[in-house]
Protein chains: 4
Amino acid sequence: MAFFQARTDLALEAREYVENVNGELRGIIVDEYEKKEIGVSVTKVQITTKNSAKLLGKPKGTYITLEVPDLCQCGENGDVSENHEKVAAEISEHLIQLLPQKKEKLQVLVVGLGNRDVTADALGPAVAEHLNISRHMLQEFGRLGLEKKQGIITSCIVPGVMAKTGMETAEIVKGIVKETTPDAVIVIDALASRSTKRLNRTIQISNTGIHPGSGVGNHRNAIDEETLGIPVIAIGVPTVVDAATIVADALEKMHKELQETAFLQARDSVALSSLYNMYVTAKDIDSTIKRVSFTLAEALNMTFEKEFEE
Amino acid sequence: MAFFQARTDLALEAREYVENVNGELRGIIVDEYEKKEIGVSVTKVQITTKNSAKLLGKPKGTYITLEVPDLCQCGENGDVSENHEKVAAEISEHLIQLLPQKKEKLQVLVVGLGNRDVTADALGPAVAEHLNISRHMLQEFGRLGLEKKQGIITSCIVPGVMAKTGMETAEIVKGIVKETTPDAVIVIDALASRSTKRLNRTIQISNTGIHPGSGVGNHRNAIDEETLGIPVIAIGVPTVVDAATIVADALEKMHKELQETAFLQARDSVALSSLYNMYVTAKDIDSTIKRVSFTLAEALNMTFEKEFEE
Amino acid sequence: MAFFQARTDLALEAREYVENVNGELRGIIVDEYEKKEIGVSVTKVQITTKNSAKLLGKPKGTYITLEVPDLCQCGENGDVSENHEKVAAEISEHLIQLLPQKKEKLQVLVVGLGNRDVTADALGPAVAEHLNISRHMLQEFGRLGLEKKQGIITSCIVPGVMAKTGMETAEIVKGIVKETTPDAVIVIDALASRSTKRLNRTIQISNTGIHPGSGVGNHRNAIDEETLGIPVIAIGVPTVVDAATIVADALEKMHKELQETAFLQARDSVALSSLYNMYVTAKDIDSTIKRVSFTLAEALNMTFEKEFEE
Amino acid sequence: MAFFQARTDLALEAREYVENVNGELRGIIVDEYEKKEIGVSVTKVQITTKNSAKLLGKPKGTYITLEVPDLCQCGENGDVSENHEKVAAEISEHLIQLLPQKKEKLQVLVVGLGNRDVTADALGPAVAEHLNISRHMLQEFGRLGLEKKQGIITSCIVPGVMAKTGMETAEIVKGIVKETTPDAVIVIDALASRSTKRLNRTIQISNTGIHPGSGVGNHRNAIDEETLGIPVIAIGVPTVVDAATIVADALEKMHKELQETAFLQARDSVALSSLYNMYVTAKDIDSTIKRVSFTLAEALNMTFEKEFEE
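Let us look at the structure shown here. Note that the coordinates shown come from a computational prediction; the quantities given were computed from them, not determined experimentally. (Residues numbered from 1 in each chain as written. Chains lettered and ligands numbered in written order. Predicted model: local features only at pLDDT ≥ 70, side-chain atom pairs only at ≥ 80, totals over all residues. Heavy atoms only, no water.)

**Section: the overall build of chain A**
- Each helix and strand counted, chain A has 11 helices and 9 strands in total.
- Of all 310 residues assigned to chain A, the portion counted as buried reaches 60%.
- Long-range pairs, those at least 24 residues apart, make up 77% of the contacts in chain A with a sequence separation of at least 6.
- Total accessible area on chain A stands at roughly 12,800 Å², and carbon and sulfur atoms take up 48% of it. (Helix = DSSP H or I, 4+ residues; strand = E, 2+ residues; numbered from the N terminus. Buried < 20%, exposed > 50% of the residue type's maximum accessible area, 1.4 Å probe, protein only. Contact = heavy atoms within 4.5 Å. Areas by Shrake-Rupley, 256 points an atom, 1.4 Å probe, with all protein chains shown as cover.)

**Structural notes on the interface of chain A and chain D**
- With 29 residues of chain A at the contact, the number on the chain D side is 29 residues.
- Together, the buried faces of chain A and chain D total about 2,300 Å²; carbon and sulfur atoms form 53% of this surface.
- Of all residues in chain A, Met167, Glu171 and Glu179 of chain A bury the most surface against chain D, accounting for 23% of the area lost on that side.
- The interface formed by chain A and chain D holds 6 salt bridges in total.
- We note a salt bridge from glutamate 129 of chain A to lysine 164 of chain D, for which the minimum N-O separation is 3.0 Å.
- Across the chain A-chain D interface, the total number found is 12 residue pairs in polar contact (both at pLDDT 80 or more).
- Contributing elements (two or more residues each) for the side of chain A that touches chain D: α5 (135–141), β5 (152–157), α6 (162–165) and α7 (169–180) of chain A. (Buried area = accessible area lost by both parts, 1.4 Å probe. Salt bridge = Lys/Arg side-chain N within 4 Å of Asp/Glu carboxyl O. Polar contact = N/O pair within 3.5 Å; in protein donor to acceptor, adjacent residues only side chain to side chain.)

**Remarks on the pairing of strand β3 (residues 61–67) of chain A**
Residue and element names in this part refer to chain A.
- Burial analysis of β3 places 6 of its 7 residues in the buried class, which makes it a mostly covered element.
- Taken together, the 7 bridges between strand β2 (residues 40–47) and β3 define a ladder with antiparallel strand orientation. Note that in β3 the partner of valine 45 across the bridge is tyrosine 63.
- As paired strands, β3 and strand β7 (residues 202–206) are joined by 5 bridges and run antiparallel to one another. Counted as the bridge partner of threonine 65 is glutamine 204 from β7. (Pairing = 2+ DSSP bridges.)

**Considerations on helix α7 (residues 169–180) of chain C**
Residue and element names in this part refer to chain C.
- In this model, α7 (12 residues) spans 16 Å end to end at C-alpha, consistent with the 16 Å of a helix rising 1.5 Å per residue.
- Burial runs high along α7: 10 of the 12 residues are buried.
- When we look at burial in α7, the residues that qualify are Thr169, Ala170, Glu171, Ile172, Val173, Lys174, Gly175, Ile176, Val177 and Thr180.
- At the C-terminal side of α7, threonine 181 shows a positive phi close to 45 degrees. (Expected span 1.5 Å × (residues − 1).)

**Some details on the pattern of salt bridges**
- Enumeration according to the criterion identifies 36 salt bridges over all chains in this entry.
- One salt bridge connects arginine 135 of chain B with glutamate 171 of chain C, and the closest N-O pair in it is separated by 2.7 Å. Taken together, the residues span two chains, with arginine 135 of chain B in helix α5 (residues 135–141) and glutamate 171 of chain C in helix α7.
- We classify arginine 135 of chain B as buried; its relative accessible area is 5%.
- Taken together, the shared-partner salt bridges in this structure form one network comprising Asp117 and Lys164 of chain A, Asp286 and Lys290 of chain B together with Glu129 of chain D.

**Topic: the relation of the copies chain A and chain D**
- Mapping chain A onto chain D calls for a screw motion: a turn of 180 degrees about the axis and a shift of 0.0 Å along it, with 0.0 Å RMSD after fitting. Taken together, the rotation angle and the small translation identify this as a two-fold axis. Within chain A, the C-alpha atom positioned nearest to the axis of rotation is that of glycine 175 of chain A, 2.0 Å from it.
- Of the interface residues in chain A, 100% have counterparts in chain D that sit at the interface too, so the contact is made through matching surfaces. (Least-squares fit on C-alpha atoms with pLDDT ≥ 70 in both.)

Printed below as a string of structure tokens:
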């Protein structure tokens with residue numbers, strides 16, 4: 001997770017934020033609709049120009065955001081919501097649209113980012129745990145080793161965090177991509193949001209990959225089509241809010257109510273620096289991560305069963 | 001962990017807070033000193049009257065707070081700070097003073113509170129993992145089953161959280177205490193602090209047990225001498241700050257700089273309720289918990305080697 | 001897990017073994033049938049006399065064994081077999097027959113035995129992880145806190161192994177039962193089998209509880225109706241074979257082919273003692289435990305939804 | 001772990017086995033001595049010819065075996081034996097001899113092989129957990145980012161097992177080596193032994209890398225100097241014995257006592273195939289893995305502090 005480096009990892013929020021300040025925006029196409037029967041709101045943000053990318057602090061590309069209020073709700077069986085298969089099917093549909101079109105079997109490498117030892121950052125490793133992996137069957141037994149339904153051949157890596165590997169995740173993924181030559185990469189990651197209300201109930205799918213640090217510039221450590229040479233789909237769910245963001249947002253709301261000078265004077269009395277490297281997360285994050293990762297894995301496994309016209 | 005129920009689990013902070021408001025306090029004895037050679041500040045707060053207990057929202061008793069700036073620092077060997085044995089010895093010394101004095105071998109039940117699946121709440125289970133447990137050796141082989149150094153006979157339980165057990169932790173501990181008749185209980189728990197600066201570097205040792213919810217009243221679920229019939233020592237380390245506390249504190253600091261009406265008007269614009277059940281914790285909480293639990297376990301194991309004069 | 005103390009924890013195998021030696025047996029009633037539509041064989045062994053109990057090394061009572069060849073098979077979705085809901089329903093049916101009949105809501109304590117840090121012994125803790133627990137809702141909100149379907153009120157404890165707790169599991173469970181007064185206990189445990197062919201595909205349900213060490217005598221550490229005062233249902237799945245058993249069985253088979261003297265002489269050359277505390281288990285035990293625990297938890301959750309005629 | 005593919009992963013055992021059959025051997029140099037002060041026996045087996053490699057089923061190279069009876073013993077503090085620092089220093093000494101000599105700072109990639117979810121196979125991931133990793137500090141801050149003592153720059157990967165990654169471990173390591181260009185690789189793995197007496201108390205260090213399947217031939221999936229282009233040191237500790245091996249060895253011992261025909265006839269009655277994919281391991285494997293991994297990590301961290309003459 002790109003903890004704290006961006007105040008939001010969600011294009012949706014970046015747009016809202018910028019909109020508040022600037023009004024209408026050129027180079028940003030937004031399409032919103034609701035799927036009432038499954039309780040999901042879909043927002044598609046397309047960033048089409050360099051300028052709008054700079055403004056939003058997000059690379060050019062397509063960002064699909066699904067808001068699923070009961071994604072983190074417990075179903076009656078205690079594990080997943082009743083709705084979760086329908087939500088998984090919806091996610092799978094958007095994924096398939098972003099994946100490259102190919103006549104023969106597509107090979108996809110899934111990358112589970114994050115730290116499996118920190119609950120709020122363990123989404124990637126948790127999803128990886130539940131995936132149907134098939135590449136080794138193809139390698140060993142050829143097409144006969146695959147089940148009928150396996151339209152997409154899959155491999156998966158959980159690279160671990162830099163403090164434990166000593167390597168940039170981008171280096172690890174780049175090396176594995178060169179050696180095993182997949183057609184596309186799907187990256188799963190926990191995200192930071194601006195708002196506690198979005199935590200664990202929003203899914204962002206984009207074709208822009210992952211850009212630690214700022215979204216624009218500093219491409220050395222990006223995991224995207226430019227650095228890997230193949231399409232990179234990123235799937236993320238916000239699980240934390242930067243602690244400083246929460247305080248800053250509270251102050252901002254007060255600002256509107258106060259005189260400028262009084263506010264600035266007062267703001268200086270609040271030491272945001274003490275919140276450096278602190279994050280806000282939910283109390284029941286462990287069971288939430290389990291449920292969300294289960295639904296995402298289901299969505300991916302559905303996707304991998306996509307049948308190509310041969 | 002008593003997540004969010006109290007804005008602080010530290011007697012030290014309760015006193016500071018009350019002091020700011022009320023000045024000097026009757027029924028509260030405070031003793032502060034520094035152990036420079038090991039970089040530890042010790043504060044002993046004694047709450048001696050019912051009134052002062054009510055004022056601070058903490059039960060009567062003794063609270064020893066050790067502030068250890070490098071408790072969460074990494075030593076050169078990557079695991080624990082060089083200093084950790086000296087810190088463990090210091091903790092052990094205070095523990096021994098709070099344990100009941102007895103001529104023959106003392107039997108102690110250690111209770112590791114918290115949720116092992118939530119990093120910031122896993123301190124109790126993590127400490128339990130490293131303890132030297134001896135009661136079963138005594139039961140099976142008698143005194144011959146013990147090593148020379150085992151002055152205190154130990155047993156240990158990690159009860160799990162109510163959402164998974166369906167039982168109050170107090171019920172579980174009470175049942176086990178009645179059945180196995182230890183002389184004292186030591187409870188290990190992660191705490192909430194008011195300040196991010198205290199996270200993972202403060203150790204509180206008290207003889208007042210654990211009181212979920214408010215510190216005074218509601219005794220049904222307390223784990224203390226009154227409910228168990230034997231002394232209960234509590235050891236806690238703050239690992240989280242309530243998210244609402246952080247914003248509320250920021251607002252409070254602004255308050256001093258602003259006119260009353262302007263402030264109240266502005267404050268209402270900030271929706272603290274959205275922070276309900278959210279907590280703030282450090283980014284590197286996983287490695288921190290490992291190191292802190294290692295030092296606490298060392299302190300307990302040192303304590304268990306205490307030799308009684310027979 | 002009662003590792004190695006008995007060469008088999010399965011009544012089914014005890015009977016087969018004794019039958020080979022003694023032919024027909026008094027005091028043992030056996031009923032066998034197949035449920036072809038779900039691929040399950042059911043064997044019900046009733047031990048009705050003291051003598052037959054002694055002969056089989058198992059306490060008097062009812063033992064239901066379900067043989068489910070695809071219990072440990074991977075379903076197409078990589079997690080559980082297609083069949084698992086039907087198998088869960090079958091298990092649930094037998095469970096309900098062994099549970100006490102009561103007009104009002106039954107309260108059940110589930111005990112997840114075993115060591116969560118040893119894969120082959122982690123079945124009990126893994127099942128506990130997936131259960132719907134409701135007792136705390138009833139305590140806090142009364143009947144209104146329960147969902148309609150919750151016919152059985154549940155609590156759950158994962159006591160841990162003696163080397164880490166210093167206490168007999170029986171002591172811990174006894175204490176908790178006295179304090180929280182359930183109507184019955186369900187114990188989940190990994191078992192030892194005589195045969196690698198039964199590993200991870202056999203489910204034994206009995207109303208005789210758990211008897212570490214030999215099945216008869218030494219009641220001090222038993223978890224059964226005699227020691228707890230309430231019915232104890234035990235659910236077990238064999239996950240290991242004692243290593244010495246495997247070699248001993250191999251030798252026994254050779255015995256039949258060899259002359260007596262030659263065999264005895266030769267047998268002495270094999271040092272079975274080197275196999276003490278060793279066990280045999282399957283290579284893919286981690287994914288197997290996950291799948292089996294998922295099906296057992298489903299069976300229990302189905303059971304807990306039993307509606308009582310009120 | 002190369003579970004079951006070889007009946008032994010230890011060169012020591014391969015030599016013993018072959019010696020029993022063939023007597024003296026050309027192309028195999030053996031050097032044995034004891035370090036009584038730390039209770040360690042050292043055996044150095046050098047396989048110098050193609051023929052002797054074929055005979056032993058191990059590639060040409062140097063194999064150092066340390067037998068440490070108390071490697072898996074619990075020290076008084078419950079975690080590691082008193083002796084473990086001295087044992088770590090001994091391991092480190094042998095490691096340094098096998099690492100390439102270089103004037104400037106050496107860069108080493110450590111690979112923790114095995115399945116973190118199967119206790120007996122989790123040695124590699126467990127060692128990786130405790131290592132001092134420094135490469136990212138060098139990348140980010142240059143030489144100033146390193147502590148004085150860091151003579152060897154380290155990175156680390158835990159690739160996971162093929163069933164979960166869909167990739168050969170060799171592919172993953174090859175890709176990362178090409179991308180991050182270390183000077184040498186150290187691979188940590190749990191091994192299979194022929195003898196339960198060697199479990200968890202033998203450490204094998206070799207400069208021949210890892211060869212899944214047979215030791216000779218099938219180089220596609222090897223992790224060695226030939227495939228990676230840089231030296232590969234392998235460190236292994238036997239944690240399991242193949243179940244079929246145990247029975248086969250028991251039969252072999254009987255063989256010597258029996259007439260040929262009688263034996264062959266009898267042997268056919270034993271179905272070794274039922275032991276396919278089963279392994280034998282120790283009951284206390286979880287605490288053993290913890291202690292052994294701690295000592296190995298200490299040995300590696302000592303090695304990484306090696307000072308080069310600059």
